[in-house]
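Take a look at the letters that make up each chain.
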Protein chains: 2
Amino acid sequence: MSNTRYTVAIHVLTLLAYAGPEALTSEYIAGSVNTNPVVIRRILAGLREAGLVRSQGGPGGGWQLLRAPEAVSLLEVLRAVDTEASFPLHATPPNPACPVGRSIQALLAGHFHTAQAAMERELARVSLRDLLEDVKAQPA
Amino acid sequence: MSNTRYTVAIHVLTLLAYAGPEALTSEYIAGSVNTNPVVIRRILAGLREAGLVRSQGGPGGGWQLLRAPEAVSLLEVLRAVDTEASFPLHATPPNPACPVGRSIQALLAGHFHTAQAAMERELARVSLRDLLEDVKAQPA
DNA sequence: TATTTCGAAACCAACTTGGTTACAGATAGG
DNA sequence: CCTATCTGTAACCAAGTTGGTTTCGAAATA
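Residues numbered from 1 in each chain as written. Chains lettered and ligands numbered in written order. Predicted model: local features only at pLDDT ≥ 70, side-chain atom pairs only at ≥ 80, totals over all residues. Heavy atoms only, no water.

**Q** Can you explain the interface of chain A and chain B? Please cite residues and give values.
**A** Across the contact, 53 residues belong to chain A and 53 residues belong to chain B. A per-residue breakdown of the area chain A buries against chain B is headed by Thr-7, Phe-87 and Val-100 of chain A, which together make up 12% of the total. Inspection of the chain A/chain B interface yields zero salt bridges. At the junction of chain A with chain B, the criterion picks out twelve residue pairs in polar contact (both at pLDDT 80 or more). Secondary-structure elements contributing two or more residues to the side of chain A that touches chain B are helix H1 (5–19), helix H2 (26–33), helix H4 (74–81), helix H5 (99–124) and helix H6 (128–136) of chain A. By residue number, the principal contributor to the side of chain A that touches chain B is H5 of chain A, which donates 17 residues. (Contact = heavy atoms within 4.5 Å. Buried area = accessible area lost by both parts, 1.4 Å probe. Salt bridge = Lys/Arg side-chain N within 4 Å of Asp/Glu carboxyl O. Polar contact = N/O pair within 3.5 Å; in protein donor to acceptor, adjacent residues only side chain to side chain. Helix = DSSP H or I, 4+ residues; strand = E, 2+ residues; numbered from the N terminus.)

What follows is the structure, encoded as structure tokens:
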């Protein structure tokens, strides 16, 4: 997870929640994120596959959130953009003739999974509504 | 954290713990990890700066663990190789004229920090000794 | 002194990343 | 049915990262 797509995805979804039922174009969204509309469409395409948003072409079209903001957790967004595992293992398989090399991957996979699960538990506790409320509570 | 250095570092430290007081050369270690000795030296150089290992040149030289295996947690190893933050924020700063763009980074930084702290708490619970015991408990 | 080992720099191919251009297709609305 | 406005997608790019490799100097041992 060494890319910014997760952050951008949360940003965009919060923006859609902020906009309510109104559809936002990728160009408008790109203006808030400060990037290119195609980048936004790429990320939103993944969120659409996950069932979080829908898109509509043509005039007046754009993107809308499909769920209530309180029903979308940061964990769900992570799963939707999930690039892959938190901790990659070896680039090339370790030497199976070595006792450590033989077993280290399975051992680490277990510990890494436990650590990641703890992280995900925290992300599951935060919803788009939480973010939305904090945004609205901001001083102008 | 999208590289394999953390995994390799834990592998190497476990190997050093397995070897006890005996010094292991980067070439021998590379044989277990199945990579190039220079790659091993690069990673061990960082662990030496963190005070976890020491190196010695010349014949009979190599690398040794400086601490008792039970006194080295996976969290400490992570900190020693730490490439950087878990969740990178935006590539370019969001639009400050947008209410969401203005506040999203600070909000996410907080939530990401909480999530990472939970992950680190789990990594802190596992020591090199735990790994060593599991390796030794392996069937031959 | 000869051998072994680390230290460090330089270089490389492969891959990822975010950004950009370009254009086809769909849709709403007059 | 035309036109302006959207999305969808492919293709391309520069920049950065990654793991690996070669090379050579320095230090240490015996």
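**Q** Hey, could you go over helix H4 (residues 74–81) of chain B for me, with residue numbers and the actual values?
**A** Of the positions making up H4 of chain B, those classed as buried are Leu-74, Leu-75, Val-77, Leu-78 and Val-81 of chain B. Down the axis of H4 of chain B, the sector holding all buried residues measures 160°, keeping them to one side. Tucked inside the fold, the buried residues of H4 of chain B contact H5 of chain A together with helix H1 (5–19), helix H3 (37–49), helix H5 (99–124) and helix H6 (128–136) of chain B. (Buried < 20%, exposed > 50% of the residue type's maximum accessible area, 1.4 Å probe, protein only. Arc of directions from axis to C-beta.)

**Q** With reference to specific residues and values, describe the environment of Ile-29 of chain A.
**A** All names here are of chain A. By the secondary structure assignment, Ile-29 is in helix H2. It is 19 Å that separates the C-alpha atoms of Ile-29 and Ala-68, two residues lying 39 residues apart in sequence. In this view, Ile-29 contacts Val-12, Leu-15, Leu-16, Leu-24, Ile-40, Leu-44 and Trp-63; residues no more than four positions away in its chain are not counted.

**Q** Residue-level account of H5 of chain A, with values.
**A** With 26 residues, H5 of chain A should cover 38 Å at 1.5 Å per step; its first-to-last C-alpha distance of 38 Å lies within 8% of that length. Along H5 of chain A, the sharpest kink reaches roughly 30°, centred on Gln-105 of chain A. (Expected span 1.5 Å × (residues − 1). Bend = angle between axes of the 7 residues up to and from the residue.)

**Q** Pulling in residues and values, what's your account of the protein's contact with DNA strand D?
**A** Contacts to DNA strand D come from 27 residues, most closely from Arg-48 of chain A together with Thr-4, Thr-35, Arg-42 and Gln-56 of chain B. If you look at DNA strand D and keep only atoms within 4 Å of the protein, 63% of those are sugar or phosphate atoms. Here a phosphate oxygen of DNA strand D and a side-chain polar atom of Ser-26 of chain A are 2.8 Å apart. Within the side chain of Trp-63 of chain A, a nitrogen or oxygen atom sits 3.1 Å from a phosphate oxygen of DNA strand D. Sorting the residues of the surface near DNA strand D by element identifies helix H3 (37–49), strand E1 (53–56) and strand E2 (62–65) of chain A together with H3 of chain B as the ones contributing at least two each. Looking at the surface near DNA strand D, the element that brings in the most residues is H3 of chain A, giving four residues. (Near = heavy atom within 4 Å.)

**Q** Explain the pairing of E1 of chain A to me, and be specific about the residues and the numbers.
**A** Residue and element names in this part refer to chain A. Two elements, E1 and E2, share four bridges in a ladder whose sense is antiparallel. What sits directly across from Gln-56, in E2, is Gly-62. Adjacent in sequence and paired antiparallel, E1 and E2 are bridged by five residues, among which Gly-58 carries a positive phi angle near 80°. (Pairing = 2+ DSSP bridges.)

**Q** For the relation of the copies chain A and chain B, give the residues involved together with the corresponding values.
**A** In the superposition of chain A on chain B (RMSD 0.1 Å, axial shift 0.0 Å), the rotation amounts to 180°. Both chain copies can therefore be described as sitting about a two-fold axis. When each C-alpha of chain A is compared by its distance to the rotation axis, Met-119 of chain A comes out closest, at 2.4 Å. Comparing interface residues between copies, 100% of those in chain A also lie at the interface in chain B; the contact surface is shared. (Least-squares fit on C-alpha atoms with pLDDT ≥ 70 in both.)

**Q** A description of the protein's contact with DNA strand C should follow, citing residues and the corresponding values.
**A** Around DNA strand C, a shell composed of 27 residues is seen, among which Thr-4, Thr-35, Arg-42 and Gln-56 of chain A together with Arg-48 of chain B lie nearest. When the atoms of DNA strand C within 4 Å of the protein are sorted by group, sugar and phosphate make up 62%. Between a phosphate oxygen of DNA strand C and a side-chain N or O atom of Ser-55 of chain B, the distance comes to 3.0 Å. For DNA strand C, a phosphate oxygen lies 3.1 Å from a polar atom in the side chain of Trp-63 of chain B. For the surface near DNA strand C, the elements supplying multiple residues, two or more each, are H3 of chain A together with H3, strand E1 (53–56) and strand E2 (62–65) of chain B. Per-element accounting of the surface near DNA strand C gives the leading share, four residues, to H3 of chain B.

**Q** Can you lay out the packing of H1 of chain B against H3 of chain B for me, pointing to particular residues and giving the numbers?
**A** Residues and elements named next belong to chain B. In contact at an axis separation of 10 Å, H1 and H3 are set at 80° when each is read in the N-to-C sense. The angle between H1 and H3 falls in the class roughly perpendicular. Note on element contacts: H3 touches H1 through Ile-40, Ile-43, Leu-44 and Leu-47, opposite Arg-5, Val-8, Ala-9, Val-12, Leu-13 and Leu-16. A per-class count over the contact of H1 with H3 returns nine nonpolar, no polar and one charged. (Axes fitted to C-alpha atoms, helices over the stretch in contact; angles between N-to-C directions. Parallel < 35°, antiparallel > 145°, perpendicular 65-115°, else oblique. Nonpolar A, V, L, I, M, F, W, Y, C, P; charged D, E, K, R; others polar.)

Bear in mind that shape data such as this cannot, by itself, settle questions of function.
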